[in-house]
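# Survey of secondary and tertiary structure
Here is how the chains run, residue by residue.
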Amino acid sequence: VQLQASGGGLVQAGGSLRLSCAASGSLDSIGSVHWYRQAPGKKREWVATISSTDNTNYAASVKGRFTISRDNAKNTVYLQMNSLKPDDTAVYYCNADILVGSRWLSYWGQGTQVTVSS
């Protein structure tokens, strides 16, 4: 099983980006999926979560600007990021709980760079 994060890039403040986190391989089900981010010199911080039943939660710093969603048919979770700020600059990682056989395992994507210029 692999998680592939993509969609990062360079954008001006106020702009938008959509990140994708796609799971592939021999998996049976995807549970909760989380986005984290890590800015240079800072600890990794949680950004958003979507559960298997589409319940969502957001960090206070992104609430109202970011939207997490999932397409179960494509085994993909999205993070729509609007009204981006320079403080959103970070490497964004996705993390998913995936059922493989009879075991729930945690997988991480490789990270995608988001840079917001002022």
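Residues numbered from 1 in each chain as written. Predicted model: local features only at pLDDT ≥ 70, side-chain atom pairs only at ≥ 80, totals over all residues. Heavy atoms only, no water.

Helix and strand content of the chain: 0 helices and 11 strands. In the chain, the order of α-helices and β-strands from amino to carboxyl end is β-β-β-β-β-β-β-β-β-β-β. Its C-alpha atoms give the chain a radius of gyration of 14 Å, near enough to 13 Å, the size a compact globule of 118 residues would have. If one aligns the C-alpha atoms of the chain with their principal axes, the spans along those axes are about 45 × 25 × 25 Å. Taken over 118 residues, the chain has a buried fraction of 43%. Accessible area for the chain stands at about 6,200 Å²; split by element, carbon and sulfur atoms hold 46% of it. Distance from the positive charge centre (11 side chains) to the negative charge centre (7 side chains) of the chain: 5 Å. (Helix = DSSP H or I, 4+ residues; strand = E, 2+ residues; numbered from the N terminus. Rg over C-alpha atoms; globule rule 2.2 N^0.38 Å. Buried < 20%, exposed > 50% of the residue type's maximum accessible area, 1.4 Å probe, protein only. Areas by Shrake-Rupley, 256 points an atom, 1.4 Å probe, with all protein chains shown as cover. Lys, Arg positive; Asp, Glu negative; His and termini not counted. Charge placed at Lys NZ, Arg CZ, Asp CG, Glu CD.)

Evaluated as defined, the whole model comprises 1 disulfide. What pairs with C21 in a disulfide is C94, and their sulfur atoms sit 2.2 Å apart. Every disulfide takes its handedness from the sign of the S-S torsion; for C21 and C94 that torsion is 75°, giving right-handed. In this pair, C21 is assigned in strand β3 (residues 17-24) and C94 in strand β9 (residues 90-100), connecting sequence segments 73 residues apart. (Disulfide = S-S within 2.5 Å.)

Ordered in space as β1-β3-β8-β7, the 4 strands form an open sheet in which the pairing is antiparallel. Looking along the sheet, the strands with just one partner apiece sit at the ends: β1 (2-6) and β7 (66-71). Between one strand axis and the next, the sheet turns through 15° on average, direction left out of account. In this sheet, β3 lies alongside β1 in antiparallel orientation, the contact comprising 5 bridges. When the bridges of β3 are listed, A5 appears paired with C21. (Pairing = 2+ DSSP bridges. Axes fitted to C-alpha atoms, helices over the stretch in contact; angles between N-to-C directions.)

Treat this as a map of the structure, not an account of what it does.
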